[in-house]
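What follows is the residue order along each chain.
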Number of protein chains: 4
Amino acid sequence: MIIQLDMQSEVPIYIQLMNQIIEGIAASRLKPGEALPSVRHLAADIGVNLHTVNKAYTLLKQEGYIQIHRQKGVVVQPDGLPGLTPEFMAKQLEQLRPIIAESILRGMNLSGLLSQVQKLYEQISPSPPQSGKEPTP
Amino acid sequence: MIIQLDMQSEVPIYIQLMNQIIEGIAASRLKPGEALPSVRHLAADIGVNLHTVNKAYTLLKQEGYIQIHRQKGVVVQPDGLPGLTPEFMAKQLEQLRPIIAESILRGMNLSGLLSQVQKLYEQISPSPPQSGKEPTP
Amino acid sequence: MIIQLDMQSEVPIYIQLMNQIIEGIAASRLKPGEALPSVRHLAADIGVNLHTVNKAYTLLKQEGYIQIHRQKGVVVQPDGLPGLTPEFMAKQLEQLRPIIAESILRGMNLSGLLSQVQKLYEQISPSPPQSGKEPTP
Amino acid sequence: MIIQLDMQSEVPIYIQLMNQIIEGIAASRLKPGEALPSVRHLAADIGVNLHTVNKAYTLLKQEGYIQIHRQKGVVVQPDGLPGLTPEFMAKQLEQLRPIIAESILRGMNLSGLLSQVQKLYEQISPSPPQSGKEPTP
DNA sequence: GTGGTCTAGACCACT
DNA sequence: GTGGTCTAGACCACG
């Protein structure tokens, strides 16, 4: 798992961390049940404060994306990732709204915007994650 | 111009203000050259401090969306709104990326995502600005 | 006398006005003794407030660049323009200093800077003003 | 880093602050990567309000002259200072123009002006930065 | 301890 | 009356 942080970004580091891990799961680079580095290790690896990693993990756990076990450490949610809950859909709309508004203001047409979204979608998820159970012979 | 602010939101007020104004321009509710309320009036109207409004206006001016005339007031950019600059496209991608990643993680498929974006686009975007009167039979 | 004002500039209008008139005199487009438009006329011509023109004229008079007569109107200083007083030299240095500092910071070398200054000098003063008396045959 | 402010000056304090810091960088008294005082410390040191310092820092950051690290502090831009962009050259010309015009009006000749500029340049500019040790015989 | 945000209130320059 | 600047003081997010 490679983490790329921009220490000069205005985006808080713990948010960047969350985003990177979320993207890792979305891209199936991190698979359900797979272990994540301990808070201590990850903090040392990427050179940030323990609290920062801890905050990211805690929030990811709250969203149901990971599990934190006292002894076993941190693993990607093995019991089914959260789906398209109404809360998530609402949050998504609120996040998309200002981005789309500004795109319209700048004169972007719908097809241009859709193609940008599609490009990003395919870039992040190169191999469509096998939803449901894998065929286990 | 109706401004809806959520004082409980974690999104800073001045950002909410910017977003509302941007959306107003995108939707053609605010037209180029149209006057915006003075810093003081708007601040009084929406019940926030003058400096908060001032910050939003200043940033909108920096982005080229409005003009602040000395001692005359604030108007929506009449000299052509900024277009799809490379900087904007880059910013847009960086903003979209985590949203799309999380949508993928949640199991949303491409067509579902695209339809959400399209729905928002059409909701915000004005019907193609009918200059002049509509033909009323 | 053509006046070019930028109403969106952060430079106050009365300062822009002063600069334009100073440049006119420097370029000999306005000659000593020549009449300037009345406050009223100029204000109407360029579409600004009376007070604004008045302020510019008053300050130009204080610097000794023009004379304001109650009835005769406004004329470019006919009794010898102010020279290189110590006060002016000091002001000039204070104005140049931050510009030059920023140029150095940006990596501009001395010759590049000098050539910029020379270019501007020659552009403003195309025909060197005949200092002293003109040869009157 | 010594900051000299003129509280009586018509030049806003935050501009004076910016100028002093820019000059410090230009003179290599402040080197890329070097830390600047925190907003609060500097404000206390020079006896102005925290917001005034903050404004200066924010603008310097926007120009690319410093970096503001979240919760770490402020440092002189370590990733290469901005160069001679077209925007900067245009701004420089606009700033120089009225100064040069007034100098011409006052009867200053080209060589006199150039020597003033050169004097300032050499006064601000550091002796070419001897990287490493000087040869001490 | 750091910068980011917000409030409250004031004076000034500009038009 | 407008925005620009400055002060004073507060709370919060971040690390």
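None of the values given here were measured: they were computed from a predicted structure.

Participant: Even after reading the chapter, I still don't get the pattern of salt bridges, so can you show me in this structure?
Facilitator: Pairing of side chains with opposite charge becomes possible as their charged atoms draw close. In the structure shown here, the tally under the stated rule is 11 salt bridges over all chains. Here E102 of chain A makes a salt bridge to K91 of chain B, at a shortest N to O gap of 3.0 Å. Placement of the pair is E102 of chain A in helix α4 (residues 86-105) and K91 of chain B in helix α4 (residues 86-105), with the two residues belonging to separate chains. The exposure class assigned to E102 of chain A is buried, which follows from its relative accessible area of 6%. In this structure, a network of salt bridges that share partners links the residues E63 and K91 of chain A together with E102 of chain B.

Participant: For this particular structure, what's the right way to read the nonpolar core?
Facilitator: Note on soluble globular proteins: their nonpolar side chains tend to be buried together. The biggest cluster of nonpolar side chains holds 71 residues, and the ones touching the most others in it are Y57 and I100 of chain A together with V53, Y57 and I100 of chain B. Once residues within four sequence positions are removed from consideration, Y57 of chain A is found in contact with I21, L36, P37, S38, V39, L42, I66, I68 and V74 of chain A. Grouped together as the second largest cluster of nonpolar side chains are 70 residues, A26, Y65 and I124 of chain C together with M18 of chain D included.

Participant: Would you explain the interface of chain B and chain A in this entry?
Facilitator: Interfaces are often sized by the accessible area lost when the parts come together. Each partner contributes residues to the interface: chain B has 43 residues there, and chain A has 43 residues. Interface area for chain B against chain A, summed over the two sides, is near 4,700 Å², with a carbon-plus-sulfur share of 70%. When the area that chain B buries against chain A is broken down by residue, the three leading residues are L105, R106 and Y121 of chain B, summing to 18%. One can count 17 residue pairs in polar contact (both at pLDDT 80 or more) joining chain B with chain A. Listing elements by their share of the side of chain B that touches chain A, those giving two or more residues are α1 (13-26), α4 and α5 (110-124) of chain B. Looking at side-chain class alone, the side of chain B that touches chain A contains 25 nonpolar, 11 polar and seven charged residues.

Participant: Explain the packing of aromatic side chains to me, please; I cannot follow it from the model alone.
Facilitator: Think of a pair of aromatic rings as described by two things: how far the centres are apart, and how the planes are tilted against each other in angle. Under the criterion given, the structure shown has zero aromatic pairs over all chains. The positively charged end of K55 of chain A is found above the aromatic ring belonging to Y14 of chain A, 4.4 Å away from the centroid.

Participant: Quick question: what am I supposed to make of the protein's contact with DNA strand E here?
Facilitator: The environment of DNA strand E is formed by 27 residues, the closest being I13, Y14, H51 and Q71 of chain B together with H51 of chain D. A share of 61% is what sugar and phosphate atoms reach among the atoms of DNA strand E within 4 Å of the protein. At 2.3 Å, a backbone N or O of I13 of chain B approaches a phosphate oxygen of DNA strand E. Elements supplying a minimum of two residues to the surface near DNA strand E: α1 and α3 (50-62) of chain B, α1 (13-26) and α3 (50-62) of chain C together with α2 (39-46), α3 (50-62) and β3 (73-76) of chain D. Considered class by class, the residues forming the surface near DNA strand E number 10 nonpolar, 12 polar and five charged.

Participant: Please clarify how the relation of the copies chain B and chain A should be interpreted in this entry.
Facilitator: Two chain copies here: they are related by a rotation about an axis and a translation along the same axis. By a simple turn and slide, chain B fits onto chain A: the slide is 0.0 Å along the axis, the RMSD is 0.4 Å, and the turn is 180°. Such a combination of turn and shift is consistent with a two-fold rotation axis. Scanning chain B for the C-alpha nearest the rotation axis identifies L114 of chain B, at a separation of 3.2 Å.

Participant: Would you mind going over the protein's contact with DNA strand F with me for this structure?
Facilitator: In the region of DNA strand F, 26 residues are neighbours, and H51 of chain B together with I13, Y14, H51 and Q71 of chain D sit closest. Taken together, the sugar and phosphate atoms account for 63% of what DNA strand F places within 4 Å of the protein. I13 of chain A places a polar main-chain atom, nitrogen or oxygen, 3.1 Å from a phosphate oxygen of DNA strand F. Note that a base oxygen of DNA strand F is positioned 2.8 Å from one of the side-chain N or O atoms of H51 of chain D. Taken together, the elements giving at least two residues each to the surface near DNA strand F come down to α1 (13-26) and α3 (50-62) of chain A, α2 (39-46), α3 and β3 (73-76) of chain B together with α1 (13-26) and α3 of chain D. Its residues assigned to classes, the surface near DNA strand F shows 10 nonpolar, 12 polar and four charged.

Cut-off values and rules
- Residues numbered from 1 in each chain as written.
- Chains lettered and ligands numbered in written order.
- Predicted model: local features only at pLDDT ≥ 70, side-chain atom pairs only at ≥ 80, totals over all residues.
- Heavy atoms only, no water.
- Salt bridge = Lys/Arg side-chain N within 4 Å of Asp/Glu carboxyl O.
- Helix = DSSP H or I, 4+ residues; strand = E, 2+ residues; numbered from the N terminus.
- Buried < 20%, exposed > 50% of the residue type's maximum accessible area, 1.4 Å probe, protein only.
- Core = buried A, V, L, I, M, F, W, Y, C linked by side-chain atoms within 4.5 Å.
- Contact = heavy atoms within 4.5 Å.
- Buried area = accessible area lost by both parts, 1.4 Å probe.
- Polar contact = N/O pair within 3.5 Å; in protein donor to acceptor, adjacent residues only side chain to side chain.
- Nonpolar A, V, L, I, M, F, W, Y, C, P; charged D, E, K, R; others polar.
- Phe/Tyr/Trp six-rings, centres within 6.5 Å; stacked < 30°, edge-to-face > 60°.
- Lys NZ or Arg CZ within 6 Å of the ring centre and 35° of its normal.
- Near = heavy atom within 4 Å.
- Least-squares fit on C-alpha atoms with pLDDT ≥ 70 in both.

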